[in-house]
Amino acid sequence: MEFLQRNLRPRLHVSLGVSCAIALVVSLTPLIPVMASTTPSHSRLVGDFNGDGRSDLASYDAATGKWTVAISSGTKFTETVWTTFSTKTGWGPTLVGDYNGDGKDDIANYHAGSGNWWVSQSS
């Protein structure tokens, strides 16, 4: 996303697969309310969590321990709670990647207190 110099309105370059279109963005809040939070306890990640080639969004809320994933259809996002961590705090780096080779992005989390990496696999 970049900002237009004169009026500082954000614009988004949308991939059409073979070219790119520019769209002015007024607000993302109606599309993805969970992802629009400015609370520092929220982690936000981009990945293809269902393997359809579209970028989806994931958000972690440290207050509840919930991971919410917003799956993109290309025109809208559908949100679901993916999992809830029983240990809500102490998580360090969070990385997106296809760790089991199934074509769907997974989320890896490091917990400093235990010294362990945990991988949440997409299904």
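Each remark here, short or long, concerns the structure printed above.
Residues numbered from 1 in each chain as written. Predicted model: local features only at pLDDT ≥ 70, side-chain atom pairs only at ≥ 80, totals over all residues. Heavy atoms only, no water.

**Q** How do you make sense of the overall build of the protein chain when you look at a structure like this?
**A** From N to C terminus, the protein chain includes 0 helices and 10 strands. The helix and strand sequence of the protein chain, counted from the amino end, reads β-β-β-β-β-β-β-β-β-β. Split by element, the accessible area of the protein chain, about 7700 Å² in all, is 56% carbon and sulfur. (Helix = DSSP H or I, 4+ residues; strand = E, 2+ residues; numbered from the N terminus. Areas by Shrake-Rupley, 256 points an atom, 1.4 Å probe, with all protein chains shown as cover.)

**Q** What is the right way to read the sheet that holds strand β8 (residues 91-97) from this model?
**A** Pairing between sheet strands relies on hydrogen bonds along the backbone, with the strands arranged either parallel or antiparallel. Pairing is antiparallel across the open sheet formed by 3 strands, whose spatial order is β8-β9-β10. Bordering the open sheet on either side are β8 and β10 (116-120), each of which pairs with just one other strand. When strand polarity is set aside, the average angle formed by the axes of neighbouring strands in this sheet is 20 degrees. Pairing of β8 with strand β9 (residues 106-111) involves 5 bridges; the strand directions are antiparallel. Residue pairing across strands places V96 opposite I107, the latter belonging to β9. (Pairing = 2+ DSSP bridges. Axes fitted to C-alpha atoms, helices over the stretch in contact; angles between N-to-C directions.)

**Q** Explanation requested: the nonpolar core in the structure shown.
**A** A general feature of soluble globular proteins is that nonpolar side chains tend to end up buried together. Among the nonpolar cores identified, the biggest contains 8 residues, and these are L45, F49, A58, Y60, W67, V69, F85 and I107. Contributions of two or more residues to this core are made by β5 (56-61) and β6 (66-72). Dropping the residues within four chain positions of it, F49 is found in contact with D56, L57, A58, V69, I71, W82, V96, K104, D105, D106, I107 and S122. (Core = buried A, V, L, I, M, F, W, Y, C linked by side-chain atoms within 4.5 Å. Buried < 20%, exposed > 50% of the residue type's maximum accessible area, 1.4 Å probe, protein only. Contact = heavy atoms within 4.5 Å.)

**Q** Looking at this structure, how should I read the packing of aromatic side chains?
**A** Aromatic ring pairs are defined here through the distance separating the ring centres and the angle between the ring planes. Within this structure, the stated rule accounts for 6 aromatic pairs. The interplanar angle of 50 degrees and the centroid separation of 4.8 Å between the aromatic rings of F85 and W91 together place this pair among those described as tilted. Summarising the aromatic geometry, the rings of Y110 and W117 are spaced 5.3 Å apart at their centres and angled 50 degrees between planes, so their arrangement reads as tilted. The structure contains a cluster of three or more aromatic residues connected by ring pairs, namely Y60, W67, F85 and W91. (Phe/Tyr/Trp six-rings, centres within 6.5 Å; stacked < 30°, edge-to-face > 60°.)

**Q** What's the story with a nonpolar patch on the surface in this structure? I'm lost.
**A** A cluster of nonpolar side chains, namely L95, Y99, W117 and V119, defines an oily patch on the protein surface of about 400 Å² accessible area. For L95, the location among the structural elements is in strand β8. L95 gets classed as partly exposed once you look at its relative accessible area, which sits at 42%. (Patch = residues over 30% accessible without salt bridge, like charges linked within 9 Å, V, L, I, M, F, W, Y side chains within 5 Å. Salt bridge = Lys/Arg side-chain N within 4 Å of Asp/Glu carboxyl O.)

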